[in-house]
Amino acid sequence: MQSIYAMHQNGSDNLEKEEKFLFYSIDNIQDLYLTMISSLLEICKKETVFLHKSSLKHLATPEERKPNEKFIRNSVFQILAENNSLSIAMESRKIDAWTLNDDYILLLLNAIKASKLYTDYMSNPKSSFEEDRQLIADLFLEVIVPNEKLYEFLEDDKLTWIDDIPLVNTHIMKQLKAMKPIMDDNFTVPKVYKDSEDKAFVKDLFRKTVLNEAELAKEFVDKTPGWDSDRIAEVDTIILKMAICEFLKFPSIPFKVTLNEYLELAKEYSTPKSSIFINGILDNLVKELEANKKMIKTGRGLM
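Numbers given to residues run from 1 along each chain, matching the order in which its sequence is written. Given that the model is predicted, a residue must reach a pLDDT of at least 70 before its local features are reported, and side-chain atom pairs must reach 80 or more before they are shown or counted; all residues, however, enter totals for whole chains, interfaces and linings. Side-chain calculation: all heavy atoms of the structure are included, whereas hydrogens and water are not.

J.: Sorry, what's going on with the packing of aromatic side chains here?
T.: Any pair of aromatic rings gets described here by the distance separating the centres and the angle formed by the planes. A pair of Phe, Tyr and Trp rings is counted when the ring centres sit within 6.5 Å of each other, with Trp represented by its six-membered ring. The angle between the planes then sorts it: under 30 degrees is stacked, over 60 is edge-to-face, the rest tilted. Within this structure, the stated rule accounts for 6 aromatic pairs. Arranged with centres 4.6 Å apart and planes meeting at 35°, the rings of Tyr104 and Phe153 form a pair that is tilted. A residue pair is termed long-range when its members are at least 10 positions apart, and Tyr104 in helix α6 (residues 102-113) and Phe153 in helix α9 (residues 148-157) qualify at 49 residues. Burial classes follow relative accessibility: with a 1.4 Å probe on protein chains only, a residue under 20% of its type's maximum area counts as buried, one over 50% as exposed, and anything between as partly exposed. Classification of Tyr104 by relative accessible area gives partly exposed; the value is 22%. Take Phe153: its relative accessible area is 9%, and that puts it in the buried class. Here the aromatic cluster, defined as three or more aromatic residues joined through ring pairs, consists of Phe71, Phe77 and Tyr118. For a ring to carry a charge above it, either NZ of a lysine or CZ of an arginine must fall within 6 Å of the ring centroid while also lying within 35 degrees of the normal to the ring plane. One residue, Lys208, lies across the ring of Phe250, its end atom 4.9 Å from the ring centre. Each helix corresponds to a stretch of at least 4 residues labelled H or I by DSSP, and each strand to a stretch of at least 2 residues labelled E; elements are numbered beginning at the N terminus.

J.: How should the environment of Thr61 be read in this particular structure?
T.: With respect to the helices and strands, the residue Thr61 is situated in the loop between α2 (15-55) and α3 (62-65). When the C-alpha atoms of Thr61 and Phe255 are compared, they prove to be 68 Å apart, with 194 residues separating the residues in sequence.

J.: Please clarify how unusual backbone geometry should be interpreted in this entry.
T.: Residues apart from glycine generally show negative phi values, whereas peptide bonds are mostly found in trans. Its identity as a non-glycine residue notwithstanding, Lys94 has a phi of 55°, on the positive side. When you line up the elements, Lys94 lands in the loop between α5 (84-92) and α6. The class of Lys94 is exposed, set by a relative accessible area of 67%.

J.: So what exactly am I meant to see when it comes to the packing of α2 against helix α8 (residues 129-144) here?
T.: Two quantities define a packed helix pair, namely the angle between the axes and the distance from one axis to the other. Angles run from 0 to 180 degrees between N-to-C directions of axes, and those axes are lines fitted to C-alpha atoms, restricted for helices to the stretch in contact. Relative to each other, α2 and α8 sit at 110°, their axes nearing to 12 Å. Viewed along their axes, α2 and α8 adopt a mutual orientation that is roughly perpendicular. In this structure, α2 uses Met36, Leu40 and Ile43 to contact α8, whose residues at the interface are Ile136, Phe140 and Ile144. Along the lines of polarity and charge, the residues of the contact of α2 with α8 split into 6 nonpolar, no polar and no charged. We call two directions roughly parallel when the angle between them is under 35 degrees, roughly antiparallel when it is over 145, roughly perpendicular when it lies between 65 and 115, and oblique otherwise. Any two residues having at least one pair of non-hydrogen atoms within 4.5 Å are treated as being in contact. In this classification, the charged set is Asp, Glu, Lys and Arg, the nonpolar set is Ala, Val, Leu, Ile, Met, Phe, Trp, Tyr, Cys and Pro, and all remaining amino acids, among them Gly, are polar.

J.: What should I look at first to understand helix α13 (residues 234-249) in this one?
T.: Because an α-helix completes one turn every 3.6 residues, residues spaced three or four positions apart along the sequence face the same direction. Expected helix span is given by 1.5 Å per residue-to-residue step, counting one fewer step than there are residues. In a regular helix each residue adds 1.5 Å, so 16 residues correspond to 22 Å; α13 covers 22 Å between its end C-alpha atoms and thus fits that length. With 13 of its 16 residues buried, α13 lies for the most part within the structure.

J.: What am I meant to see in the pattern of salt bridges here?
T.: Opposite charge on two side chains makes pairing possible when the charged atoms of those side chains draw close. We define a salt bridge as a contact between a side-chain nitrogen of Lys or Arg and a carboxyl oxygen of Asp or Glu at a distance within 4 Å. Enumeration according to the criterion identifies 14 salt bridges in this entry. As a salt-bridge pair, Glu19 and Arg207 come within 2.6 Å of each other at their nearest N and O atoms. Remark: Arg207 occurs in helix α11 (residues 196-211) and Glu19 occurs in helix α2; sequence separation between them is 188 residues. In this structure Glu19 comes out as buried when scored by relative accessible area, which is 10%. For Lys70, the salt bridge is made with Glu131, and the minimal N-O distance between the two is 3.1 Å. Placement of the pair is Lys70 in the loop between α3 and α4 (75-81) and Glu131 in helix α8, with a sequence separation of 61 residues.

J.: Even after reading the chapter, I still don't get the side chain of Lys158, so can you show me in this structure?
T.: By the secondary structure assignment, Lys158 is in the loop between α9 and α10 (165-178). If near-sequence neighbours (up to four positions away) are discounted, Lys158 is found in contact with Tyr24 and Asn28.

J.: Would you explain the environment of Asn83 in this entry?
T.: When you line up the elements, Asn83 lands in the loop between α4 and α5. Take Asn83: its relative accessible area is 5%, and that puts it in the buried class. In this structure the C-alpha to C-alpha distance between Asn83 and Glu148, which are 65 residues apart in sequence, comes to 29 Å. As used in this structure description, the phrase polar contact means that two N or O atoms lie within 3.5 Å; if the pair is within protein, one of them must be able to donate a hydrogen and the other to accept it, and residues adjacent in sequence are counted only when both atoms belong to side chains. Engagement of the side chain of Asn83 in a polar contact is seen with the backbone nitrogen of Ser85, the distance being 3.1 Å. Among the polar contacts listed, one links the side chain of Asn83 to the backbone nitrogen of Leu86, at a separation of 2.8 Å.

J.: Teacher, can you tell me more about the nonpolar core here?
T.: Within soluble globular proteins, side chains that are nonpolar generally end up buried alongside one another. Judged by nonpolar contacts, the single largest core of 48 residues is most densely connected at Met36, Leu40, Phe71, Leu80 and Leu176. Elements represented by at least two residues in this core include exactly α2, α4, α5, α6, α7 (116-123), α8, α9 and α10. At 10 residues, the largest contribution of residues to this core is made by α2. Those residues in contact with Leu80 that sit more than four places away from it in its chain are Ile37, Leu40, Leu41, Leu86, Met179 and Phe187. In this text, buried Ala, Val, Leu, Ile, Met, Phe, Trp, Tyr and Cys residues form a nonpolar core when linked through side-chain atoms within 4.5 Å. Ranked by size, the runner-up nonpolar core spans 39 residues in total, among them Ile26, Val202, Leu216 and Ile239.

J.: Is there a simple way to explain the environment of Lys249 in this structure?
T.: Its place among the elements puts Lys249 in helix α13. Beyond its immediate chain neighbours, meaning those up to four positions away, Lys249 contacts Lys208, Asn212 and Glu215.

Here you go:
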């Protein structure tokens, strides 16, 4: 949707160029994921260095000479640091966002150490994997994710990440909460695409929508009484075209699945009343297409 919108705004007709950028943007989601998950490892490393340097001070206090290392020995840090899937992905993707921007890691570390979550955790002399896992999940959700400076850094680093941040953070939270106290197969870097068909769908939907925009628009222009086509929000017209494209050119996708997905897009990216407007048009269109036998759906799970 955003790629098609960008094409409209730029007046571009270079389909291959825009498609290439679309896949580049999707591919970068994994870089964002690795950047966020690696922030946890960098925070642990930063605190480890700090404790070591403090212990070497000439006038070190007893607490500095023998510091409380409970935080840096957290089981989750150890599992992530020794995870092959994560190490291989970090190396192959050349993730080094924090190498030249470790001031953000220090900022996050200071925020963590100022939190009640950290204080309560460090004051508990007992240790358990459940407590370790809960602390990291809570710190990620309540301290790291909401940090405005971190958000600004990510936004400046890659503009395409803005809408991907909630998706990535939600996935990381699920992984942290599901983590188990074992090393093997405990944590796996997710794939960007489920399979080759998943990736092919991205290309097909993009191309079939762009190449058939005029044809797709004809399906709803006469179903908007009282609305001139130029009065409909551009995002709404793109959402309608994409939904109708799925109706007509993707027979294996149930129409209710299509309808729900594009209503969510409308709620997220368009005007407050867009989802109601779009729902009305698509609902009527489905009835018409079915009556005229123009929309034949096949496959499992159809409704």
